[in-house]
Amino acid sequence: MDKKLDQNVLVVTPTGKTYQYWEATGREAQISQLNLGLCTPAGLGLALALPHRKVVALDGDGNLLFNLASVADLAVQNPGNLIDIVFDNECYQSCDSFPSVTSKGVNLEVIAKGCGIKNAVTIRDITRFEQTLDEALNGNELFFIVAKVEPGEEIVPLPRQEGRENKYRFVRHVENTENIRIINPYSRRRKKDFTPST
Amino acid sequence: MKQGSVEAIVTGLKEAGINFISMLPDSDFTDTQKAVMADKDFKCVPVSNESIGFGVCAGAWLGGKKPALLITTDGIMASAFPLTTLNMQKNIPVLMVIPYRGSLGDGIWFMGPMGAATEPLLKDLQVAYTVISKVEEVTPAIKNAQLSAEAWLRPTAVLLTGEIIFEEA
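Being a predicted model, the structure only gives us computed values, none of them experimental.

What follows concerns the overall build of chain A. Counting its regular elements, chain A contains seven helices and eight strands. Counting over 198 residues, chain A shows a buried share of 40%. Residue pairs at least 24 apart in sequence account for 69% of intrachain contacts in chain A once pairs closer than 6 positions are excluded.

Turning to the nonpolar core, a few remarks are in order. Counting 98 residues, the largest nonpolar core has V12(A), V94(B), I98(B) and V158(B) as the members making the most contacts within it. Looking at which element gives the most residues to this core, the answer is helix α3 (residues 50-62) of chain B, with eight residues. The residues touching I98(B), leaving out its near neighbours within four places in the chain, are I71(B), T72(B), T73(B), I76(B), A157(B), V158(B), L159(B) and L160(B).

So, on to the pairing of strand β2 (residues 43-46) of chain B. All names here are of chain B. Where strand β1 (residues 20-23) and β2 come together, four bridges link them in parallel fashion. Counterpart to M23 in the pairing with β2 is P46. Where the polypeptide runs from β1 across helix α2 (residues 30-37) and back to β2, its parallel neighbour, the crossover connection is right-handed.

Now for the confidence of the model for chain B. Across chain B, the average pLDDT comes to 93, with 99% of residues at 70 or higher. Interface predicted TM-score (ipTM) for the complex: 0.95; the corresponding pTM is 0.95.

Put simply, an interface is often sized by how much accessible area is lost when its parts join up. On the chain B side, the residues contacting the 33 residues of chain A number 28 residues. Broken down by element, the residue count for the side of chain A that touches chain B peaks at eight residues, all from helix α2 (residues 39-49) of chain A.

What follows concerns the sheet that holds strand β4 (residues 82-88) of chain A. Residues and elements named next belong to chain A. Across the sheet, which stays open at both edges, the six strands sit in the order β2-β1-β3-β4-β8-β7 with parallel pairing between neighbours. A single partner strand is all that each edge strand has here, and the edge strands are β2 (30-34) and β7 (119-123). Along the sheet, successive strands turn relative to each other by an average axial angle of 15°, direction set aside. Sheet analysis places β4 next to strand β8 (residues 143-148), joined by six bridges and oriented parallel. Within β8, the position partnered with V86 by the bridge is V146. Its contacts with the sheet put helix α6 (residues 126-138) on β4, β7 and β8, and the angle it makes with β7 is roughly 160°.

About the cut-offs
- Residues numbered from 1 in each chain as written.
- Chains lettered and ligands numbered in written order.
- Predicted model: local features only at pLDDT ≥ 70, side-chain atom pairs only at ≥ 80, totals over all residues.
- Helix = DSSP H or I, 4+ residues; strand = E, 2+ residues; numbered from the N terminus.
- Buried ≥ 20, exposed ≤ 12 C-beta atoms within 10 Å, placed from the backbone.
- Contact = placed C-beta atoms within 7 Å.
- Core = buried A, V, L, I, M, F, W, Y, C linked by C-beta atoms within 7 Å.
- Pairing = 2+ DSSP bridges.
- Right-handed = clockwise from strand over helix to strand, strands pointing away.
- pLDDT = per-residue confidence, 0-100.
- Axes fitted to C-alpha atoms, helices over the stretch in contact; angles between N-to-C directions.

The following block contains the structure:
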């Protein structure tokens, strides 16, 4: 999936294995380790702030369910530059794969459609996932993709970046590519801080 | 809410450079919320739960916006989790403007606990805040809170007491 995304695409990832895989891509434009219920909302805010940039949020079923109402808010805002992918393994994998409610029949695609997201789909095979991702990347409409995946217990390296380092890397990427200033450590200067022009 | 208070808040937000606002409706704040919704200087994103608003504002800040939340004291209670796991952990700033329900003079019984819990909770969540009870202090307080949020990369809050928010019957 990383190969499909231009380096300018902004990627938002939750805590857990998803981020651990994505850190290995070395992508600068990823803000990561968004905790329960905050991945899709952060993706929404980012997409609204930068409507000319493609944003891909890689949420998980457990993370999204924590703030399920964010799907409704996402639908109402309807940012055409956001692709919200929910990797649904029907469990809380980092908690000994304790089952989530999607394992009991709760259908995230139906919820998203009920909220008004037209391009809400559930995908169970890799070929269709790639086709749908291409369609979403080439279009200008909000996509909500529920990617059904098997729980995996594969051992992946622990993240090297902690949250603040990751934030600075991401912010500097946005500052550089958008030619804007986000971090402003001297927001109020005193007169005496200015060097006299003479 | 008193008309002068609404104007002071909107002016403060503009002079602070705020251009992105998330909110959940509140009976004491709807005049202000309607005013910012109608103002093209602000991108407004109403949310269904204040904690969603913290996520949305964090994303907006990461994208270069200057966000603020117009939320209630109840909203702070509902948002302890994102304030801890997002703003505190990653040092992400956001300005909050909050009608201080439960401050002295509040005459609704169920607001008492809000008043008791608000300031201790803000302190525990490392939110720098100020309590304002004079309309003429609202605009500078909002500007100052935003200046510090930007420099410190921390959430800040302006609590507005009953003298500012209540309109006598």
